[in-house]
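Given next are the chains, with one letter for each unit.
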There are 2 protein chains.
Amino acid sequence: MARTALTREEVLETAAALVKQHGPTALTMRRLAAELGTAVTSIYWHVGNRESLLDALVERTVADLAAITPHGRTPAARIVSVARALRHELRARPHLVAMVHERGLTERMFLPAQRALAQEVHAAGLRGTRAAEVVRAVQVQVVGHVLVERNRERSPAQSPAETELWQTATTDPPDPALTRALAAPVDPERLFVTSVRALVNGLLGPHGPTPDRRDG
Amino acid sequence: MARTALTREEVLETAAALVKQHGPTALTMRRLAAELGTAVTSIYWHVGNRESLLDALVERTVADLAAITPHGRTPAARIVSVARALRHELRARPHLVAMVHERGLTERMFLPAQRALAQEVHAAGLRGTRAAEVVRAVQVQVVGHVLVERNRERSPAQSPAETELWQTATTDPPDPALTRALAAPVDPERLFVTSVRALVNGLLGPHGPTPDRRDG
DNA sequence: ACCTGAACACCGTTCAAGT
DNA sequence: ACCTGAACACCGTTCAAGT
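As the structure is a computational prediction, the values presented were derived from the model and not from experiment. (Residues numbered from 1 in each chain as written. Chains lettered and ligands numbered in written order. Predicted model: local features only at pLDDT ≥ 70, side-chain atom pairs only at ≥ 80, totals over all residues. Heavy atoms only, no water.)

### Concerning the pattern of salt bridges
Residue and element names in this part refer to chain A. Selection criterion: For salt bridges, the criterion is a side-chain nitrogen of Lys or Arg within 4 Å of an Asp or Glu carboxyl oxygen. A helix here means a DSSP run of H or I that spans at least four residues, while a strand means a run of E at least two residues long, and both kinds are numbered starting from the N terminus. The rule is simple: take the accessible area with a 1.4 Å probe, protein chains only, and divide by the maximum for that residue type; under 20% is buried, over 50% is exposed, in between is partly exposed.
By the definition in use, this model includes 26 salt bridges over all chains. For Asp55, the salt bridge goes to Arg103, with nearest N and O atoms at 2.7 Å. One end of the pair, Asp55, is in helix H4 (residues 50–64); the other, Arg103, is in the loop between helix H6 (94–102) and helix H7 (106–109), and 48 residues separate them in sequence. Among the salt bridges present, the one from Glu189 reaches Arg87, with a minimum N-O distance of 2.5 Å. Residue Glu189 is found in helix H12 (residues 188–204), and its partner Arg87 is found in helix H5 (residues 75–92); the two are separated by 102 residues along the sequence. The class of Arg87 is buried, set by a relative accessible area of 8%. Salt bridges sharing partners connect three or more residues here, namely Arg84, Arg87, Arg91, Glu149 and Glu189.

Written out as structure tokens, the structure is:
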């Protein structure tokens, strides 16, 4: 009843498919073996153990991330376009990105984008440590947004809902319209673009970062 | 060999201690039982199962989060102070915060801070949906930073290091000082304050959010 | 070089039985 | 009302044995 020879590539492919469809918890060695039609222990010969199998999947994801090219006229617009593209790519593979994050390889994954951002910040006239700060601020902004967004999506029914919580506030709200707006659902794309634009304006604009003062 | 009567409170306390010291994976029902000096199955009577035990721990963390009060003179400074305090609180209990995040209760946990931010944004003269957008942008900014920071700390030795990656760049870097700065280690506190300040300036300042245009 | 089943030490959970 | 041990169906991993 021998099947065609098992390859490391085949193991990785099937494992990746399992993760994409049902999340990382669904990737058990026994289930993977069943999917492949082999004995559980054969997998060990090809990939070592579960941990290094996951490592390999993560490595793959990092490599998969397509190169991102900026679009737009001004440096600010081009930076925002990189941020948007980045967000899009990350959201296309949530499970695998989460695994990259858990393994602390987010930095690695972001390198191509970082290069693109660096070029734009340079074009905007910033140099040295100040320029680096802008690159990093944008990078953190993007990763942070994606992580928070994903979190929000995974749990659409908060209990109690924000609405309810705001209604039970002890102090009267200063602005009913604000209260209503905070109780309403979020448009993540919109919030994302608004935030990135504000951050970039704040960093590139006349009020830019003040490297020497630390007090709030 | 009967010990004093087991209480739900005692179970939660011991479970929380285990998580704080060794992370959530260390919290197995058998280990918890050993720590408590009872049979594994006794725990089930008090907390149902592992899942609802974790739920209870998360609920506790949300409740534990101390009320945060703004400091400073201008609304912008007061917003930044809330952001810093928030970051500090979150970083004090990383494992539990991660669990709150995984369970999608980040929103809930942030409500007190959200109220404080709302008041400051109101004081800064913003109203309605625009004000709400600022509150949310700052909130995401803080959570995002904390998540990314924690990720960076958990894996101090990136392989290959950023330095190495930048050195192997195919295109010549436009700014050697920028390249050097990006290869150097990050000061997270500094990056955080710079980013929040820039975001707040960008949102409250003259270039504020433009709610109707969506193009980058 | 590659694959296998048996075995080990773990899990979370259920359940009938105790007091 | 509270606690217990036995049992079940899972894990990841090791290892001696096969070809």
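### Overview of the protein's contact with DNA strand D
The criterion, for reference: Note on definitions. A residue lies near a molecule or strand when any single heavy atom of the residue is within 4 Å of it. N or O atoms within 3.5 Å of each other form a polar contact, as long as, within protein, one can give a hydrogen and the other can take it, and as long as residues adjacent in sequence are counted only when both atoms are side-chain atoms. Under the scheme applied here, ten amino acids are nonpolar (Ala, Val, Leu, Ile, Met, Phe, Trp, Tyr, Cys and Pro), four are charged (Asp, Glu, Lys and Arg), and all others, including Gly, are polar.
Not every one of the 18 residues close to DNA strand D is listed here, only the nearest: A:Arg30, B:Thr41, B:Ser42, B:Trp45 and B:His46. Backbone atoms, meaning sugar and phosphate, make up 50% of the atoms of DNA strand D lying within 4 Å of the protein. At a separation of 2.9 Å, a phosphate oxygen of DNA strand D approaches a polar backbone atom of A:Arg50. At 3.1 Å from a base oxygen of DNA strand D is found a side-chain nitrogen or oxygen belonging to B:Thr41. Elements represented by at least two residues in the surface near DNA strand D include exactly helix H2 (29–36) and helix H3 (40–47) of chain A together with helix H3 (40–47) of chain B. If one sorts the elements of the surface near DNA strand D by residue count, H3(B) sits on top with four residues. Considering only residue class, the surface near DNA strand D consists of eight nonpolar, seven polar and three charged.

### Side note on the side chain of B:Ser195
Considering the arrangement of structural elements, one finds B:Ser195 in helix H12 (residues 188–204). A residue is classified by how much of its surface remains accessible, and B:Ser195, at 0% relative accessible area, is buried.

### Considering the UniProt feature "DNA-binding region" (unreviewed entry) in chain A
Condition: UniProt positions are given in the numbering used here, feature names are shortened, and annotations may be inferred rather than shown by experiment.
Per the UniProt entry, the sites bearing "DNA-binding region" (unreviewed entry) are residues 28–47 of chain A in this numbering. As annotated, residues 28–47 of chain A has a helix share of 80% and a strand share of 0%, and its two end C-alpha atoms lie 14 Å apart.

### Some details on the packing of helix H5 (residues 75–92) of chain B against helix H8 (residues 111–123) of chain B
Residues and elements named next belong to chain B. Condition: Here the axes come from fitting lines to C-alpha atoms, over the contacting stretch only for helices, and the angles between their N-to-C directions go from 0 to 180 degrees. Reported orientations rely on four angle classes, namely roughly parallel under 35 degrees, roughly antiparallel over 145, roughly perpendicular from 65 to 115, and oblique for the rest. Working rule for handedness: look at the near helix, and if it is turned counterclockwise from the far one by less than a right angle, call the crossing left-handed; if clockwise, right-handed. For this analysis, residues touch if any pair of their heavy atoms sits within 4.5 Å.
Where H5 meets H8, the axes come as close as 9 Å, and the angle between the chain directions of the two elements is 165°. Between H5 and H8, the angle is such that the two are roughly antiparallel. The two elements H5 and H8 meet at a crossing, and its hand is left-handed. Each of Pro75, Arg78, Ile79, Val82 and Leu86 in H5 lies in contact with H8, whose residues at this interface are Ala113, Ala116, Leu117, Glu120, Val121 and Ala123. Of the residues assigned to the contact of H5 with H8, the class counts are nine nonpolar, no polar and two charged.

### Here we look at the domain arrangement of chain A
Threshold: Start and end points for every domain follow an automatic or database-based domain assignment.
Each assigned domain of chain A is listed with its residue range as follows: domain 1 (8–48) and domain 2 (64–152 + 182–209). Relative placement of domain 1 of chain A and domain 2 of chain A: their C-alpha centres are 33 Å apart.

### So, the protein's contact with DNA strand C
The environment of DNA strand C is formed by 17 residues, the closest being A:Thr41, A:Ser42, A:Trp45, A:His46 and B:Arg30. Take the atoms of DNA strand C that sit within 4 Å of the protein: sugar and phosphate atoms are 51% of them. Here A:His46 contributes a side-chain N or O atom positioned 2.5 Å from a phosphate oxygen of DNA strand C. Note that a phosphate oxygen of DNA strand C is positioned 3.2 Å from one of the side-chain N or O atoms of B:Tyr44. Broken down by secondary-structure element, the contributors of at least two residues to the surface near DNA strand C are H3 of chain A together with helix H2 (29–36) and H3 of chain B. Sort the elements by how many residues they give to the surface near DNA strand C and H3(A) lands first, with four residues. Split by residue class, the surface near DNA strand C holds eight nonpolar, seven polar and two charged.

### Some thoughts on the environment of A:Gly23
All names here are of chain A. You can see Gly23 is positioned in the loop between helix H1 (8–22) and H2. The exposure class of Gly23 is buried, given its relative accessible area of 3%. Gly23 has contacts with Leu18 and His95, leaving out every residue within four places of it along the chain.

### Brief notes about helix H1 (residues 8–22) of chain B
Residue and element names in this part refer to chain B. Note the following rule: Multiplying 1.5 Å by the helix residue count minus one yields the expected span of that helix.
The end-to-end C-alpha separation of H1 is 21 Å, in line with the 21 Å expected for 15 residues at 1.5 Å each. Of the positions making up H1, those classed as buried are Val11, Leu12, Thr14, Ala15, Ala16, Leu18 and Val19. Backbone geometry just after H1 places Gly23 at a positive phi near 85°.

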